[in-house]
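Notes for the structure review
Chain residues, written in single-letter form:
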Amino acid sequence: MKKNIIKFSFLFLFAAFLLSGCTDKFEEINTDPDRAKDAPATNVLAFVLRYWTATMHDPWNDMNEPSSYGGYIAKIQYIDEARYAFRPGVVENKWYYTYITLNNVNEIIVKAEAEENTNMLAVAKTMRAYIFQTATDTWRDIPYTDALKIKEGTLLPKYDKQEDIYPALLAELKSAADLLQNGNGDLGDGDILFNGDTKKWQKFTNSLRLRLAMRISEVNKPLASSTVSEVLGNPAKYPIMASNDDNAFFWWPGASPYEEPWYADYKGRDDHGVSDVLVNVLLEFEDPRIDVYAIPAKSDGKYRGFIIGAAAQPSLASISRIGKRFRMESAGFSPYMRCSEVMFHIAEAAKKGMNTGSYTAESAYNEGVKASMLENEIEQDVITAYLAGKGKFDGTLEQIYLQEWIAMFKQGMEGWSLYRRTGIPKTHYIAPGTTYTGHNSPPFRYPYPQSELTLNGANSKPFQDEVIDDFWGKKMWWDTRTGVN
């Protein structure tokens, strides 16, 4: 553990924000003689992985909003965010964290190309696509094509529509996958996600291709179908996550300041509980994961969720807190992607008639449930009984989506996106305590940051004009639900 902490500290101290500005003497003015002038690509990679995880998987940018909007978590104290009363500073920070990380990813790409390190180049491309996917799923239409051209003097980037961003991201991931197939070069100690294992990066990259393909499967079926067919039709060239050993989990060393963010919050606060939506689904299906996801209420030992954003709530002693595995381990994990999620994407694709190779909808569904159960240390005989009972495959997309949603606990952004795309779980609802009126669905999107509306107003205004009440208006491109507002 101590060795890992020293490694983390060294890598992060040596990595720097490698951004240029717009003045002729910027580098001279902004050079700190006591800091490194340059950092190896592997150090920048370590910075990117740690910084992104620390900022996007913490209480502010995960628990308070995406995990609440997705139906997993309810704030039980200081409840404003659960009612969509957002803090402008949090939105500003999320935008900043996103683009500062992306600029650092671009520095990795520049270095990797110069060194002809195709493995490092592929990893950076995968991370760039992954981060942009998160960003567009947060705000919808965002700066993409011009977003990372600050060195070229582009200070006010134009906005791209999500309809154009998603195909570009799929192309970038394919490029990364092809590079990784016969890549060369070392990732170094900075790969603190997969410890230099390019095979796991390969699986992560191709699994992300399936995530994006299925997200757009109702709005661009030809691209979705061709992507699925290419990936699953050639497993030797495009391997995917096949077991929990392949999960893209960022594991924290466990000592301050490198503690898992939910745990760091837990040490001093008690603001979050498990939602009634999640608890009730698990109880309805007699799902054994409830013992892992939630802690019984202190008052009576029963599992009971909190109502998301309600003005009147039961006593704190009567509701379930978040389970130990997810919140009470300093050396815990922050999930980027799971094998179980991948299997549910395949099950959906098979159900929609796409070419999924040797997988059927049922076999992929069973593998998804099994992977999720095993991840949560459920015994095999219990899994077998569940798949023969309450969890038995019934051939519907609704069941596939619901099991995917259950499996993605602690992936707030992905659970929220799944809900926006499918309306599953059907028992999710708009916060009853919100001051926003006239809406019947949790938020479609995040508000744009005020700084962007002020400083880049000409480019952002057409897109801001489509926003209603900060969170609603124009749905995500891939959100085909009807009757929601």
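The rules behind each value
Residues numbered from 1 in each chain as written. Predicted model: local features only at pLDDT ≥ 70, side-chain atom pairs only at ≥ 80, totals over all residues. Heavy atoms only, no water. Buried < 20%, exposed > 50% of the residue type's maximum accessible area, 1.4 Å probe, protein only. Helix = DSSP H or I, 4+ residues; strand = E, 2+ residues; numbered from the N terminus. Arc of directions from axis to C-beta. Contact = heavy atoms within 4.5 Å. Phe/Tyr/Trp six-rings, centres within 6.5 Å; stacked < 30°, edge-to-face > 60°. Core = buried A, V, L, I, M, F, W, Y, C linked by side-chain atoms within 4.5 Å. Salt bridge = Lys/Arg side-chain N within 4 Å of Asp/Glu carboxyl O. Patch = residues over 30% accessible without salt bridge, like charges linked within 9 Å, V, L, I, M, F, W, Y side chains within 5 Å. Areas by Shrake-Rupley, 256 points an atom, 1.4 Å probe, with all protein chains shown as cover. Lys, Arg positive; Asp, Glu negative; His and termini not counted. Charge placed at Lys NZ, Arg CZ, Asp CG, Glu CD. Polar contact = N/O pair within 3.5 Å; in protein donor to acceptor, adjacent residues only side chain to side chain. Pairing = 2+ DSSP bridges. Expected span 1.5 Å × (residues − 1). Axes fitted to C-alpha atoms, helices over the stretch in contact; angles between N-to-C directions. Parallel < 35°, antiparallel > 145°, perpendicular 65-115°, else oblique. Left-handed = near helix turned anticlockwise from the far one by under 90°. pLDDT = per-residue confidence, 0-100.

1. Points about helix α17 (residues 380–388)
Looking only at α17, the buried set comprises I383, Y386 and L387. End-on view of α17: buried residues confined to an arc of 95 degrees, all on one side of the axis. Turned more than 90 degrees away from the buried face of α17 sit D381 and A388, all of them exposed. In this fold, the buried residues of α17 make contact with α16 (361–375) and α18 (397–407).

2. Quick look at the packing of aromatic side chains
Under the defined criterion, the tally for this structure stands at 45 aromatic pairs. Centre to centre, the rings of Y84 and W472 are 5.8 Å apart; their planes meet at 80 degrees, and the pair counts as edge-to-face. Within this pair, whereas Y84 is found in the loop between β1 (73–75) and α6 (88–115), its partner W472 is found in strand β10 (residues 472–473), the two being separated by 388 residues in sequence. Overall, the relative accessible area of 0% leaves W472 in the buried class.

3. Section: the nonpolar core
Judged by nonpolar contacts, the single largest core of 144 residues is most densely connected at L49, F132, W201, F204, Y336 and W405. Aside from chain neighbours lying at most four places away, what touches W405 is G70, G71, Y72, V277, L278, V281, G415, L418, I424 and P425.

4. Description of the pattern of salt bridges
Oppositely charged side chains can form a pair if their charged atoms are brought close together. Using the criterion set out here, one finds 35 salt bridges in the structure. As a salt-bridge pair, D246 and K203 come within 3.3 Å of each other at their nearest N and O atoms. Within this pair, whereas D246 is found in the loop between α10 (221–232) and β4 (248–251), its partner K203 is found in helix α9 (residues 198–215), the two being separated by 43 residues in sequence. Here the two residues D246 and K203 agree in accessibility, since each one is buried. One continuous salt-bridge network, built from bridges that share partners, spans D137, R211, R215, E341 and E414.

5. Here we look at the environment of H57
The topology assignment puts H57 in the loop between α3 (41–56) and α4 (59–63). The sequence separation of H57 and T360 amounts to 303 residues, and the corresponding C-alpha distance is 33 Å. The residues contacting H57, other than those within four sequence positions of it, are W52, D62, Y130, P261, W262, S334, P335 and Y336.

6. Comments concerning a negative patch on the surface
Residues E329, E377, E379 and D381 make up a contiguous surface patch of negative charge. Mapping E377 onto the fold places it in the loop between α16 and α17. According to the relative accessible area criterion, E377 is exposed, its value standing at 70%.

7. A few points about the side chain of N104
Within the secondary structure, N104 sits in helix α6. Relative accessible area serves as the criterion here: at 0%, N104 is assigned to the buried category. There is a polar contact of 2.9 Å between the side chain of N104 and the backbone oxygen of I100.

8. Details of the pairing of strand β8 (residues 333–337)
Most of β8 is tucked away: 5 of the 5 residues are buried. Pairing of β4 with β8, which is carried by 4 bridges, proceeds in the antiparallel orientation. Pairing of F249 across the sheet is with P335, part of β8.

9. Quick word on α3
A rise of 1.5 Å per residue sets the reference length of α3, with its 16 residues, at 22 Å; its end C-alpha atoms lie 22 Å apart and thus fit the reference within 8%. Of all 16 residues that make up α3, 14 are buried, and the element is covered over most of its length.

10. Details of the packing of helix α15 (residues 339–351) against α16
It is at 8 Å that the axes of α15 and α16 come closest, and there the two elements cross at 165 degrees. With respect to α16, the element α15 is oriented roughly antiparallel. Crossing of α15 against α16: the hand is left-handed. Residues C339, S340, M343, F344, I346, A347, A350 and K351 of α15 lie in contact with α16, whose contacting residues are A361, A364, Y365, E367, G368, V369, A371 and S372.

11. Details of the confidence of the model for the protein
Any segment with low pLDDT has predicted coordinates that should not be analysed in fine detail. Taken over all residues, the pLDDT of the protein has a mean of 93, while the share at 70 or more is 92%. This stretch, residues 9–23, has a pLDDT under 50; its non-local contacts, to residues over four places away or in other chains, come to 43 contacts.

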